Amino acid sequence: STATTTRFGVASHRARGRAVALFAPNVARPASSFALSASETATAGTASDVDAAKAAAAAQGTLVRTLKESKKNGDDVTKDDVDAAVKKLLELKAIVEQLENPEAAAAAEDAGAKAKDAKGAAGKDAGKEVGVTPKSEDFSRWYLDVIRECELADYGPARGTMVIRPYGYAIWEAIQRWMDADFKKSGVQNAYFPQLIPYSFITKEASHVEGFAPELAVVTQGGGKTLEEPLVVRPTSETIVNHMFTQWIQSYRDLPLLINQWANVHRWEMRTRPFIRTLEFLWQEGHTAHATGEEAEARAIEMIDCYRRFAEEVAAMPVVVGRKSRVESFAGADCTYTIEAMMGDKKALQAGTSHNLGQNFSKAFETTFLDQDGKTRHVHQSSWGVSTRLIGGIIMTHGDDAGLRLPPNLAPIQVVIVPIAQKNKDKPAVTDAAANIASTLESAGIRVKIDDDDRNSPGWKFAQWEMKGVPVRIEVGPKDVAKDACVVARRDKPGKDGKEFGVAVEPTALIAKVQGTLDDVQQTYFDEAKAFRDANIVDVSSYDELKAAIEAGKWARGGWEGSDEDEKRVKEETGATIRCFPFEQPTGPHACLMSGVEAKEVCIFAKSY
């Protein structure tokens with residue numbers, strides 16, 4: 001085996017007659033694979049820069065695979081060789097992301113990139129990085145670090161796309177299970193509609209095409225030939241749903257028609273952030289048809305309340321429920337309702353929407369029915385949806401300096417059990433005790449994982465599962481086994497304050513203790529988030545007060561009778577938009593913060609994702 005240096009200054013390692021480039025092992029791993037240093041994130045790269053970076057990353061990926069295969073085959077390739085190549089691959093991927101999305105990368109780097117070591121890690125855990133940039137130091141960096149270190153998602157090879165990893169997808173599955181069951185209680189049925197939509201469908205409803213045109217991905221070729229009509233990759237499905245509803249609905253007996261689909265959609269976003277805004281994302285979209293406008297309105301209100309219940313009761317995320325302004329409403333809707341949540345950086349997140357579509361789409365597509373009097377009428381409709389954006393909202397609502405904090409009602413793992421056996425002679429008894437505890441809790445429907453991986457120390461495991469947001473940790477060692485007891489630690493109270501020693505493992509008592517702790521953690525997360533939100537909503541009575549509130553990072557609540565132009569002016573001058581006119585209105589009288597005239601209701605302005 002010999003090593004030479006290439007014209008690029010990269011070592012070349014020869015094994016069994018093959019030469020593979022080997023990057024120097026002292027290349028540091030970026031603190032986040034989602035961001036680079038501030039000096040490298042000032043401007044977007046040219047198309048050629050991006051292509052070159054992608055090609056380098058692809059070549060490095062090939063190198064990593066080659067080295068791993070060579071090592072597996074017994075060639076003269078060491079683990080250090082492989083590790084160095086992997087580190088370089090991560091660096092190159094980060095460069096690609098920086099070139100494609102410089103704004104997000106620069107924001108994530110402002111406070112510097114430092115990943116902290118795990119608490120209690122020592123000895124065989126030396127050199128393992130577990131931890132994230134503290135949320136209090138750099139919120140953007142913290143958010144991206146949490147996604148990476150908790151293995152929730154990664155960037156896809158196409159700009160702006162996201163790969164949802166198993167732990168992140170398990171959260172989405174929990175969202176799906178609750179939503180799907182709740183939808184079906186009210187008579188909604190699942191269906192699926194094609195992802196490719198004729199372009200002419202999009203243009204039938206004027207405001208709809210105007211609203212979505214900048215975000216469309218359009219297919220113009222297929223099978224090596226130019227298509228007779230371009231196809232739009234689904235941005236939403238109102239148009240194709242109406243095309244089918246027109247065939248399915250004939251008379252009042254076919255109504256109401258209540259359909260939902262779980263699907264992916266594509267919107268060509270310029271600035272992306274994992275879970276919050278990506279070119280492709282997962283969601284559910286409900287579509288209903290009714291005989292009267294009152295029924296469509298009732299369904300739209302019913303569904304926004306469904307989203308509120310999920311947000312508050314399952315995700316422990318307090319939301320303001322209300323009506324969107326005309327400017328902020330869905331393209332093609334008569335009225336849009338929303339749930340708005342405050343994130344840890346005080347920005348607003350639109351976490352779910354429900355729309356009363358009126359007859360806008362039914363008239364465009366001639367979706368009609370014969371009423372009981374034999375008259376032909378257009379149906380009234382609603383549509384409503386939530387997406388994987390909810391996962392980003394949960395991260396940013398509850399997370400702390402240590403990482404993720406998952407509400408127990410939603411967490412894929414509610415309890416992690418860590419057996420602690422210092423000596424081999426203790427291991428069988430401790431292992432059996434951990435298994436018995438797991439069996440007891442699982443019999444009560446509690447989601448449990450035993451971490452019996454011998455490669456990591458207990459301290460490292462504590463930090464790891466704390467970072468991944470598991471609500472409750474149970475520790476069991478030889479002394480606990482001797483006492484028929486265990487230690488219960490809760491995620492919302494760090495350190496000794498959150499630990500209870502000597503908890504009995506008798507099934508009835510243990511189930512009651514753990515379930516009670518989970519319920520308490522769930523309520524604590526909601527109460528903390530609500531207190532944070534309420535403390536950062538400011539009542540304003542003038543435009544100057546609104547600007548001061550927004551400048552301070554607050555939500556501004558005040559009377560509003562302004563025009564669409566006034567609303568756009570506020571956005572241009574402050575970056576804030578009307579999040580909603582809350583259903584729960586404070587007692588009046590109210591005066592418009594712009595003009596001083598009497599206002600019928602108040603609205604909330606805030607900066608948002």
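Parameters and conventions
Residues numbered from 1 in each chain as written. Predicted model: local features only at pLDDT ≥ 70, side-chain atom pairs only at ≥ 80, totals over all residues. Heavy atoms only, no water. Helix = DSSP H or I, 4+ residues; strand = E, 2+ residues; numbered from the N terminus. Pairing = 2+ DSSP bridges. Axes fitted to C-alpha atoms, helices over the stretch in contact; angles between N-to-C directions. Contact = heavy atoms within 4.5 Å. Buried < 20%, exposed > 50% of the residue type's maximum accessible area, 1.4 Å probe, protein only. Salt bridge = Lys/Arg side-chain N within 4 Å of Asp/Glu carboxyl O. Core = buried A, V, L, I, M, F, W, Y, C linked by side-chain atoms within 4.5 Å. pLDDT = per-residue confidence, 0-100. Polar contact = N/O pair within 3.5 Å; in protein donor to acceptor, adjacent residues only side chain to side chain. Phe/Tyr/Trp six-rings, centres within 6.5 Å; stacked < 30°, edge-to-face > 60°. Lys NZ or Arg CZ within 6 Å of the ring centre and 35° of its normal. Parallel < 35°, antiparallel > 145°, perpendicular 65-115°, else oblique. Left-handed = near helix turned anticlockwise from the far one by under 90°.

Bringing the environment of Arg267 into the picture now. Following the sequence through the fold, Arg267 ends up in the loop between strand E10 (257-266) and strand E11 (280-290). Between the C-alpha atom of Arg267 and that of Ala213, which follows or precedes it by 54 residues, the distance is 9.7 Å.

Further remarks concern the sheet that holds strand E22 (residues 499-504). In spatial order, the strands read E19-E18-E20-E21-E22; together these five strands make up an open sheet with mixed pairing. Looking along the sheet, the strands with just one partner apiece sit at the ends: strand E19 (448-450) and E22. Across the sheet, the mean angle from the axis of one strand to that of its neighbour is 25 degrees, orientation sign disregarded. Most of the contacts of helix H15 (residues 507-535) go to strand E21 (residues 485-490), to which it runs at about 5 degrees, and overall it touches strand E18 (415-419), strand E20 (472-476), E21 and E22.

Here we take up the pairing of strand E13 (residues 335-342). Burial within E13 is extensive, with eight of its eight residues counted as buried. Side chains of E13 alternate between two faces, with Cys335, Tyr337, Ile339 and Ala341 and Thr336, Thr338, Glu340 and Met342 buried alike. Note that strand E12 (residues 320-323) and E13 share four bridges and pair antiparallel. Bridge assignment links Arg323 to a residue of E13, and that residue is Tyr337. Summarising the sheet, E13 and strand E14 (residues 348-358) pair through eight bridges and their orientation is antiparallel. Its bridge partner lying in E14, Cys335 is registered against Asn356. With antiparallel pairing between neighbouring strands as the criterion, E13 and E14 make up a hairpin whose turn holds five residues, including Lys346 at a positive phi of roughly 75 degrees.

The subject of this paragraph is the pattern of salt bridges. All chains considered together, the criterion is met by 32 salt bridges. Put simply, Arg148 and Glu149 hold a salt bridge, and the shortest N to O gap is 2.4 Å. A relative accessible area of 10% places Arg148 in the buried class. Residue Arg277 is joined to Glu269 by a salt bridge in which the shortest nitrogen-to-oxygen separation is 3.2 Å. Overall, Arg277 belongs to the partly exposed group, its relative accessible area being 28%. Several salt bridges converge on common partners, so that one network encompasses Asp182, Asp305, Arg308, Arg309 and Glu312.

Bringing the nonpolar core into the picture now. Within the largest apolar cluster, 60 residues are counted, with the highest numbers of intra-cluster contacts made by Leu152, Met179, Phe275 and Ile395. The element that contributes the greatest number of residues to this core is helix H9 (residues 293-314), accounting for eight residues. Look past the residues within four positions of Phe275 in its chain and what remains in contact with it is Tyr143, Ile147, Leu152, Ala153, Met162, Ile164, Thr388, Arg389, Ile391, Gly392 and Ile395. Counting 21 residues, the second-largest nonpolar core is a separate cluster that includes Ile197, Leu255, Leu257 and Ala289.

The 11 strands are arranged E6-E10-E11-E17-E14-E13-E12-E25-E28-E24-E23 in an open sheet whose pairing can be described as mixed. The sheet is open, and its two edges are formed by strand E6 (189-190) and strand E23 (537-539), each paired on a single side. The sheet contacts of H15 involve E12, E13 and E23, and relative to E23 the element is tilted by about 35 degrees.

For the chain, the average pLDDT comes to 87, and 84% of its residues sit at 70 or higher. Within the model, pLDDT remains below 50 along residues 1-44, and this stretch shows 105 contacts once partners closer than five positions in the same chain are excluded. Per-residue pLDDT stays below 50 along residues 107-130; that stretch engages in 58 contacts with residues further than four places along the chain or on separate chains.

Moving on, we get to the side chain of Asn536. Mapped onto the fold, Asn536 is located in the loop between H15 and E23. Here the side chain of Asn536 touches Phe532 through a polar contact of 2.7 Å, landing on its backbone oxygen. In this structure, Asn536 is in contact with Met342, Lys346, Lys554 and Trp555, ignoring residues within four places of it in sequence.

Our focus in this paragraph is the packing of aromatic side chains. Applying the stated rule across the entire model yields 11 aromatic pairs. Taken together, a centroid distance of 5.8 Å and an interplanar angle of 75 degrees make the contact between Trp172 and Trp262 edge-to-face. Residue Trp172 is located in helix H5 (residues 166-185), and its partner Trp262 is located in strand E10; the two are separated by 90 residues in the primary sequence. Note on accessibility: Trp172 and Trp262 belong to one class, buried. Considering the side-chain rings of Tyr337 and Phe583, the 5.7 Å spacing of their centres and the 65 degrees angle between planes classify their relative orientation as edge-to-face. On the criterion of sequence distance, the pair formed by Tyr337 in strand E13 and Phe583 in the loop between strand E25 (577-582) and strand E26 (590-591) is long-range, its members being 246 residues apart. Assessed through its relative accessible area of 6%, Tyr337 is described here as buried. Judged by relative accessible area, Phe583 falls into the partly exposed class, the value being 40%. Among the aromatic residues, ring-to-ring pairing joins Trp172, Phe183, Trp262 and Trp384 into one connected group. If you follow Lys347 out to its NZ or CZ, it ends over the ring of Tyr609, 4.9 Å from the centre. A cation over an aromatic ring shows up here: Arg473 above the ring of Phe462, its NZ or CZ 4.1 Å from the ring centre.

With that out of the way, let us pick up the packing of helix H12 (residues 427-443) against H15. It is at 10 Å that the axes of H12 and H15 come closest, and there the two elements cross at 70 degrees. On the basis of the axis angle, H12 is roughly perpendicular to H15. In this structure, the crossing between H12 and H15 has a hand that is right-handed. Of H15, the residues touching H12 (which contributes Ile437, Thr440, Leu441 and Ser443) are Pro507, Leu510, Ile511 and Val514.

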